[in-house]
Amino acid sequence: MKISKPSAEELRPLLSQATQEGDIPEDEWHKTLITGFAKMLRKSPLQYRCFGPYWWIFKSLLLDAGETDFGTGMDAEWREDMDYGSPSLNLLAAYAYYDGAFERGLIYSNTHTVASADGDETVEYVLIDEDMETLGIARGA
């Protein structure tokens, strides 16, 4: 089932803010954000759950950046459904979702209630990445 997500047009102003109106090159912003999250995920792997349905586009960005510590397993269908066709928008959408979920206390929750694409109902999205769950067990989380 497809879920509702912000449009690319809704994300572009946030991207402009994130790059401080272009003062920070997007590739530098990508690197800084991905490096920071990779460091956090190495310490607390189960926080990946906070990304909810956006985890798969974020994991894809981690892999593209050469971050292979988190495995290579991928839910290709969800990765495709959540893709904006732009690494910057993908990163921003994943970060924005993570930030909102974190604020709601969903740091370690693998269940996320999201709106369906048709807007008529909510959907319980359950995130399970076996690579990250195994890493969490190995780290004693």
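Residues numbered from 1 in each chain as written. Predicted model: local features only at pLDDT ≥ 70, side-chain atom pairs only at ≥ 80, totals over all residues. Heavy atoms only, no water.

> What exactly am I supposed to notice about the pairing of strand β2 (residues 122-126) here?
Sheet faces and side chains relate simply in a regular strand, where the side chains alternate between the two faces. Burial along β2 is one-sided: Val123 and Tyr125 are buried, and none of Thr122, Glu124 and Val126, which face the opposite way, are. Pairing geometry for strand β1 (residues 111-115) and β2, over five bridges, is antiparallel. Note on β2: the bridge partner recorded for His112 is Tyr125. The antiparallel pairing of β1 with β2 creates a hairpin that spans six residues between the two strands, and Gly119 there sits at a positive phi of about 75°. (Buried < 20%, exposed > 50% of the residue type's maximum accessible area, 1.4 Å probe, protein only. Helix = DSSP H or I, 4+ residues; strand = E, 2+ residues; numbered from the N terminus. Pairing = 2+ DSSP bridges.)

> What should I look at first to understand the pattern of salt bridges in this one?
Opposite charge on two side chains permits pairing when their charged atoms draw close. All chains considered together, the criterion is met by seven salt bridges. The partner of Asp69 in a salt bridge is Arg42, and the shortest N-O contact between them spans 2.7 Å. Residue Asp69 is located in the loop between α3 (55-64) and α4 (76-82), and its partner Arg42 is located in helix α2 (residues 26-43); the two are separated by 27 residues in the primary sequence. For Asp69, a relative accessible area of 45% translates into the label partly exposed. With a closest N to O distance of 2.7 Å, Glu133 and Arg49 form a salt bridge. (Salt bridge = Lys/Arg side-chain N within 4 Å of Asp/Glu carboxyl O.)

> How do you make sense of α3 when you look at a structure like this?
α3 sits mainly inside the fold: eight of its 10 residues count as buried. Taken together, the buried positions of α3 are Trp55, Trp56, Ile57, Phe58, Lys59, Ser60, Leu61 and Leu62. Turning to α3, the residues buried within the fold contact α2, α4, α5 (87-103), β2 and α6 (130-138). Two residues or fewer past α3, Gly66 is found with a positive phi of approximately 85°. (Contact = heavy atoms within 4.5 Å.)

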